Amino acid sequence: MKLDAKIPAGPIEKKWEQHQLDMKLVNPANKRKYKVLVVGTGLAGASAAATLAELGYQVEAFCYQDSPRRAHSIAAQGGINAAKNYQNDGDSVYRLFYDTVKGGDFRAREANVYRLAQVSVNIIDQCVAQGVPFAREYGGLLANRSFGGAQVSRTFYARGQTGQQLLLGAYQALERQVGLGKVKMHARHELLELVVVEGRARGIVVRDLVTGEVRTHAGDAVVLATGGYGNVFFLATYAKGCNGTAIWRAYKQGAAFGNPCYTQIHPTCIPVTGDHQSKLTLMSESLRNDGRIWVPKQAGDKRPPAQIPEDERDYYLERKYPSFGNLAPRDIASRAAKEACDAGRGVGPTGLGVYLDFGDAIQRLGQGAIREKYGNLFEMYERITDDDPYQVPMRIFPATHYTMGGLWVDYNLMSTIPGLFVAGEANFSDHGANRLGASALMQGLADGYFVLPYTIGDFLARVKPEPLAADHPAVRAAEAAVRARSEKLLSIRGKRTVMSFHRALGRIMWEHCGMARDRQGLQAALQKIPALRAEFWENVNVPGTGASLNQSLESAGRVADFLELGELMCRDALEREESCGGHFRVEHQTEDGEARRDDQRFAHVAAWEYAGEERAPIRNVEPLNFEFVHLATRSYK
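The present account deals with the structure reproduced in this document. (Residues numbered from 1 in each chain as written. Predicted model: local features only at pLDDT ≥ 70, side-chain atom pairs only at ≥ 80, totals over all residues. Heavy atoms only, no water.)

## Describing the overall build of the chain
Scanning the chain from terminus to terminus reveals 17 helices and 19 strands. Principal-axis analysis of the C-alpha atoms gives the chain an extent of 75 × 60 × 50 Å. Relative to its full complement of 637 residues, the chain shows a buried share of 61%. The long-range fraction of contacts in the chain, counting pairs at least 24 apart against all pairs at least 6 apart in sequence, stands at 74%. Working note: accessible area of the chain is about 24100 Å², and carbon and sulfur atoms make up 49% of it. Averaging the coordinates of the 77 positive side-chain charges in the chain and doing the same for the 73 negative ones gives two points 3 Å apart. (Helix = DSSP H or I, 4+ residues; strand = E, 2+ residues; numbered from the N terminus. Buried < 20%, exposed > 50% of the residue type's maximum accessible area, 1.4 Å probe, protein only. Contact = heavy atoms within 4.5 Å. Areas by Shrake-Rupley, 256 points an atom, 1.4 Å probe, with all protein chains shown as cover. Lys, Arg positive; Asp, Glu negative; His and termini not counted. Charge placed at Lys NZ, Arg CZ, Asp CG, Glu CD.)

Dropping the structure here:
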């Protein structure tokens, strides 16, 4: 497989501008002849669909939820980054670019990250014009707050509901186009296969989740904006419906999968309380602006937090990383919490927790100021735990939150399948081995509003609009494959539930491919996962039929894909003999427990190519060249 990133030549600050000038255009009269299929209606998908329709293309949009408003982008809490420098504290496009490359532990493509920083300033203007209610200073100017991995305040926010407000902005833009008849919206439809004709993406096969009907939709280009695959761990901060099926179908049709082992563990989540749980709840990273993280200095100290004197508390992030303190990047803060708990200093009934304490901030600023900043987050925490965080410290622990890996894309966001574009968390492109907080919303909207409308146009200008017959052999084969898969799942009638297999896979993944990985554990996982997958196809029980609403069948298909994707993640983690960002190999760390990269051998993207059933996938490499940011040991001390 040839990996051509199509990075434009020239100075990094001019690449995107020059590329825009070099791209071919589709004239307005011809745009309505082309159809683009957009799968997923979160920030990346809704913004892409709305913008492409506004430009004049025919657009069909698909989501498996009952409304685009249900997309998981709604769950993002803390904010969105942009290099506006409203605080006059030294921010710039270059500094946002540098912080993002460094935050990703120098495992991201420079050109894509610089473009992201450039268009970030446009995103804020776009969203303000849509009426997104960003927080404002007393004088009416937009407010900013700090986030992990940065020493400037560049994060715009709407209390703890930033994702919800941004999604409503993109949603109203999408619905305007639906109302004008320029976007045809298909809710409660799930992509189950990609249609590839003569090497080019030409359509998708979807299942109507209400009626069970399987049908093909054809187009001239396809956009996957279907989010991340972190639910492979079972317990995660994702909505339960989030899955990797769309990108996995594309991978098996020839799209390279970039860096699948790069998953992010978020340091501030409500801890696991027992086996009854089916998901975890995120507490926004913004809380680390005013909350101080600590554990008792003495192992086994189970006194209530109020009874532990100040000199017997270890504010370990402030101690270990004085330059960034509690705003150290997520991977570093997560591993530090694990280290404290492994040493027996964890808090709470399970010992798998640390304190996030607002006592000092409340004393300094007053309870009213804290309520104004974080009130909805405090209310959510109290509803879940029955503890009042104004009175006692929150208990938090790391949990799976985001995937930096995803389908490999070039500078134009096109995969290795021509005509298949991938946006937002579904692609691999911008975050390297660790995503800085408040960058996911930035990437999703950058891709949808400001990148894809140019790059899809360049692609479509080079191909002729042409219909795809419903009886085309590729269409019939794709539909037959979808029906056969569903029939096979329904025919097994075994004794184990789908959830039991998902939970078992999650335990394997968390234990062997979670916060810390080693060769022995990964090799064990690569024995356990195929065995679990074999049992799944012999002993899973999927009740009902495929001819109507059947959520057990939906879940079974997604878990079947997770059982394959989890194995690829472990393969990727085993091959990457270094520690970088969220990928921490125990064998590759410094004397003081920090990640040790190997730039000589691994300054590259691993792009995996499907080689067929029962055959090992092929590992391809895209070298990463750092011309504008010098490779350096990543330090936040």
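## Observations concerning helix 11 (residues 367–385)
At 3.6 residues per turn, the α-helix brings residues three or four places apart onto the same side. The terminal C-alpha atoms of helix 11, which comprises 19 residues, lie only 20 Å apart, well short of the 27 Å expected from a rise of 1.5 Å per residue. At tyrosine 374, helix 11 shows its maximal kink, close to 85 degrees. Inspection of helix 11 places Ile370, Tyr374, Gly375, Asn376, Leu377, Phe378 and Tyr381 among the buried residues, and these make up the whole buried set. The inward-facing, buried residues of helix 11 contact helix 10 (359–365) and strand 15 (394–403). (Expected span 1.5 Å × (residues − 1). Bend = angle between axes of the 7 residues up to and from the residue.)

## So, the packing of aromatic side chains
Summed over the entire model, instances satisfying the criterion amount to 25 aromatic pairs. With a centroid separation of 6.3 Å and an interplanar angle of 85 degrees, the aromatic rings of phenylalanine 233 and tryptophan 510 are classed as edge-to-face. With phenylalanine 233 in the loop between strand 9 (221–224) and helix 7 (245–252) and tryptophan 510 in helix 14 (residues 498–513), this residue pair connects regions lying 277 residues apart in the sequence. Since its relative accessible area comes to 2%, phenylalanine 233 is described here as buried. One aromatic cluster is present, built from ring pairs that chain together Tyr229, Trp248, Tyr251, Phe257 and Tyr610. The ring of tyrosine 315 carries arginine 292 above its face, with NZ or CZ at 3.8 Å from the centroid. (Phe/Tyr/Trp six-rings, centres within 6.5 Å; stacked < 30°, edge-to-face > 60°. Lys NZ or Arg CZ within 6 Å of the ring centre and 35° of its normal.)

## Some points on the environment of isoleucine 492
Here isoleucine 492 shows up in helix 13 (residues 473–492). Between the C-alpha atom of isoleucine 492 and that of phenylalanine 536, which follows or precedes it by 44 residues, the distance is 9.2 Å. If we ignore the near neighbours within four places in the chain, the residues touching isoleucine 492 are Phe536, Trp537, Glu538, Asn539 and Val540.

## Regarding the sheet that holds strand 18 (residues 604–609)
Reading across the sheet, the 4 strands line up as 16-10-18-19 and stay open at both edges, with antiparallel pairing between neighbours. Taken across any chain shown, the strands that pair with only one partner, and hence form the sheet edges, are strand 16 (406–407) and strand 19 (618–623). Summarising the sheet, strand 10 (residues 257–258) and strand 18 pair through 2 bridges and their orientation is antiparallel. Its bridge partner lying in strand 18, glycine 258 is registered against alanine 607. Running at roughly 145 degrees to strand 18, helix 16 (residues 551–575) makes contact with strand 10, strand 18 and strand 19 of the sheet. (Pairing = 2+ DSSP bridges. Axes fitted to C-alpha atoms, helices over the stretch in contact; angles between N-to-C directions.)

## Section: the environment of glycine 148
As for its position among the elements, glycine 148 is in the loop between helix 5 (110–130) and strand 4 (155–156). With residues up to four places along the chain from it excluded, the contact list for glycine 148 reads Glu285, Leu327, Ala328 and Leu436.

## Description of the nonpolar core
Residues Ile80, Leu224 and Leu460 are the most contacted members of the largest nonpolar core, which totals 143 residues. A per-element tally of this core places helix 16 first, with 12 residues. Beyond its immediate stretch of four places on either side in the chain, isoleucine 80 contacts Ile123, Ile124, Phe134, Arg154, Thr155, Phe156, Thr162, Leu166, Ala438, Leu441, Met442 and Leu445. Of all hydrophobic cores here, the second largest spans 33 residues; its members include Ala333, Cys341, Ile370 and Ile396. (Core = buried A, V, L, I, M, F, W, Y, C linked by side-chain atoms within 4.5 Å.)

## Regarding unusual backbone geometry
Located in the positive-phi region is phenylalanine 234, a residue other than glycine, with phi close to 65 degrees. Here phenylalanine 234 lies in the loop between strand 9 and helix 7. The phi angle at alanine 438 is positive, at roughly 75 degrees, despite the residue not being glycine. Following the sequence through the fold, alanine 438 ends up in the loop between strand 17 (420–422) and helix 12 (440–460). The exposure class of alanine 438 is buried, given its relative accessible area of 5%.

## So, the sheet that holds strand 6 (residues 189–197)
Strand order in this open sheet of 3 strands is 6-7-8, and the pairing throughout is antiparallel. This sheet does not close on itself; its edge strands, each paired only once, are strand 6 and strand 8 (214–218). Within this sheet the neighbouring strands show an average axis-to-axis angle of 30 degrees, counted without direction. Here 5 bridges tie strand 7 (residues 200–208) to strand 8, and the two strands are oriented antiparallel to one another. The residue bridging isoleucine 204 from the neighbouring strand is histidine 217, located in strand 8.

## Focus: helix 13
Relative to the 28 Å expected for 20 residues at 1.5 Å per residue, helix 13 spans 29 Å between its end C-alpha atoms, a close match to the ideal helical length. Taken residue by residue, helix 13 has Ala474, Val475, Ala478, Glu479, Val482, Ser486, Leu489, Leu490 and Ile492 as its buried positions. Tucked inside the fold, the buried residues of helix 13 contact strand 6, strand 7, strand 8, helix 15 (519–539) and helix 16. Of the residues one or two after helix 13, arginine 493 is the one with positive phi, at around 50 degrees.

## Brief notes about the pairing of strand 6
For strand 6, the tally of buried residues reaches 8 of 9 residues, placing the bulk of the element in the interior. Pairing between strand 6 and strand 7: 8 bridges, direction antiparallel. Bridge pairing in strand 7 places glutamate 190 opposite arginine 207.

## Points about the pairing of strand 11 (residues 263–269)
Of all 7 residues making up strand 11, 7 are buried, and the element is well covered by its neighbours. Of the strand pairs in this sheet, strand 11 and strand 15 are connected by 5 bridges, and their pairing is antiparallel. Across the sheet, residue histidine 266 finds its bridge partner in strand 15, namely alanine 399.

## Brief notes about the pattern of salt bridges
All told, the structure shown has 51 salt bridges when counted by the stated rule. Between arginine 383 and glutamate 379 there is a salt bridge; the shortest N-O distance is 2.8 Å. Here the residue arginine 383 and the residue glutamate 379 both occupy positions in helix 11, the gap between them amounting to 4 residues, near one helical turn. Residue classification places arginine 383 among the exposed positions, given a relative accessible area of 69%. (Salt bridge = Lys/Arg side-chain N within 4 Å of Asp/Glu carboxyl O.)

## Looking at the side chain of histidine 189
Inspection of the secondary structure assignment puts histidine 189 in strand 6. Excluding its chain neighbours within four sequence positions, the residues that come into contact with histidine 189 are Phe62, Cys63, Tyr64, Val206, Arg207, Asp208, Leu209 and Arg215.

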